[in-house]
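Working through the structure, step by step
Listed here are the chains, written in short residue letters.
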Amino acid sequence: MSRIVYVDGAFVPEEEARVSVFDRGFLFADGVYEVTSVLGGRLIDFPGHVRRLGRSLAELALANPHSEAEWLALHRDLVARNAVTDGLVYLQVTRGSAGDRDFAYPGPATPPTVVMFTQSKPGLADAPAARTGWTVIAIPDLRWGRRDIKTVQLLYPAMGKMMAKAAGADDAWLVEDGLITEGTSNNAWIVSRGRIVTRPLGTEILHGITRAAVMRLARESQLEVEERPFTLDEAKTADEAFVTSASAFVMPVVEIDGVRLGDGTPGPLARRLREIYLDEMRRAAM
Ligand code: PMP
């Protein structure tokens, strides 16, 4: 069945959707995106995602084409039109097309391109992988320096996924100066000496919306969270590890570069945080 997608103000069947070949998203990866999950037909942590969208746009001097209330209405409309129960809503805003190729940004007369689409993923929160955990490999972090902006420039993360696949692993953790930055499309965490550790915010990582929620919920549950950089070596000797993202929620990591963590099964804190996160987020879904 064909999806209904949203392009520049209109809901159309995906086969009819059109974007210019001169669109700057296509030519320069000049655009940002957001991903919000849907559980039971409702949006998970939407306020966080729409706020980060505003920040990403502002960092690139891109005008935000919609208010937060308008974005919410568009998300709900698209979810309803596609009858999504569990899945994801993707949105992309690019600097549009000035009708030619030129590095300089076009003037304000060129409107941004807005594209939204859904992916239906029945049982998204019951992924079998959450019961066995992911294996990851470490690869050098060769991305650009503004990873805090959620741009559509995802080639290196895609290469990282392929490196992981080739190595028989589920994902790759990125390493810079011996320190883990994050996963290809998620934030990286370890549990070391009873504390939950994740890298502090900066330009080196995406400011994960799931990361922020998990950190808040962990603290509310009297768990100790430490924001500090950690090395690949420390990760390999950690008691547990996990990643967070809007699509994987809290996903245990059981092996790094072939080194098993603990007994090689999802750790108790990762499992507990996944449960707390899903319970809490389902309750607050909109
Ligand atoms: N880091 C990167 C590089 C990502 O692509 C993502 C997922 N978009 C995340 C972290 C997790 O962010 P969020 O929890 O907002 O999905």
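Look up: the structure comes first, before these words.
Residues numbered from 1 in each chain as written. Predicted model: local features only at pLDDT ≥ 70, side-chain atom pairs only at ≥ 80, totals over all residues. Heavy atoms only, no water.

**Details of the overall build of the chain**
Helix and strand content of the chain: eight helices and 15 strands. Against the 2.2 N^0.38 benchmark of 19 Å for 286 residues, the chain shows a C-alpha radius of gyration of 19 Å, consistent with a compact globule. If one aligns the C-alpha atoms of the chain with their principal axes, the spans along those axes are about 55 × 40 × 35 Å. The proportion of buried residues among the 286 residues of the chain is 51%. Sequence-distant contacts, at least 24 apart, represent 70% of the contacts inside the chain between residues at least 6 apart. Approximately 13200 Å² of the chain is accessible, and the part contributed by carbon and sulfur atoms is 54%. (Helix = DSSP H or I, 4+ residues; strand = E, 2+ residues; numbered from the N terminus. Rg over C-alpha atoms; globule rule 2.2 N^0.38 Å. Buried < 20%, exposed > 50% of the residue type's maximum accessible area, 1.4 Å probe, protein only. Contact = heavy atoms within 4.5 Å. Areas by Shrake-Rupley, 256 points an atom, 1.4 Å probe, with all protein chains shown as cover.)

**Considering a nonpolar patch on the surface**
A surface patch of nonpolar side chains, amounting to about 330 Å² of accessible area, comprises Val21, Phe22 and Phe26. Summarising the element assignment, phenylalanine 26 is placed in helix 1 (residues 24-28). Overall, phenylalanine 26 belongs to the exposed group, its relative accessible area being 63%. (Patch = residues over 30% accessible without salt bridge, like charges linked within 9 Å, V, L, I, M, F, W, Y side chains within 5 Å. Salt bridge = Lys/Arg side-chain N within 4 Å of Asp/Glu carboxyl O.)

**So, the packing of helix 2 (residues 46-59) against helix 3 (residues 68-81)**
Interaxial distance between helix 2 and helix 3 falls to 10 Å at its minimum, and their mutual angle equals 120 degrees. Relative to helix 3, the element helix 2 is oriented oblique. Judged by the twist between their axes, the crossing of helix 2 over helix 3 is right-handed. Counted together, Phe46, Val50, Arg51 and Leu53 of helix 2 and Glu68, Trp71, Leu72 and His75 of helix 3 form the full contact between these two elements. Considered class by class, the residues forming the contact of helix 2 with helix 3 number five nonpolar, one polar and two charged. (Axes fitted to C-alpha atoms, helices over the stretch in contact; angles between N-to-C directions. Parallel < 35°, antiparallel > 145°, perpendicular 65-115°, else oblique. Left-handed = near helix turned anticlockwise from the far one by under 90°. Nonpolar A, V, L, I, M, F, W, Y, C, P; charged D, E, K, R; others polar.)

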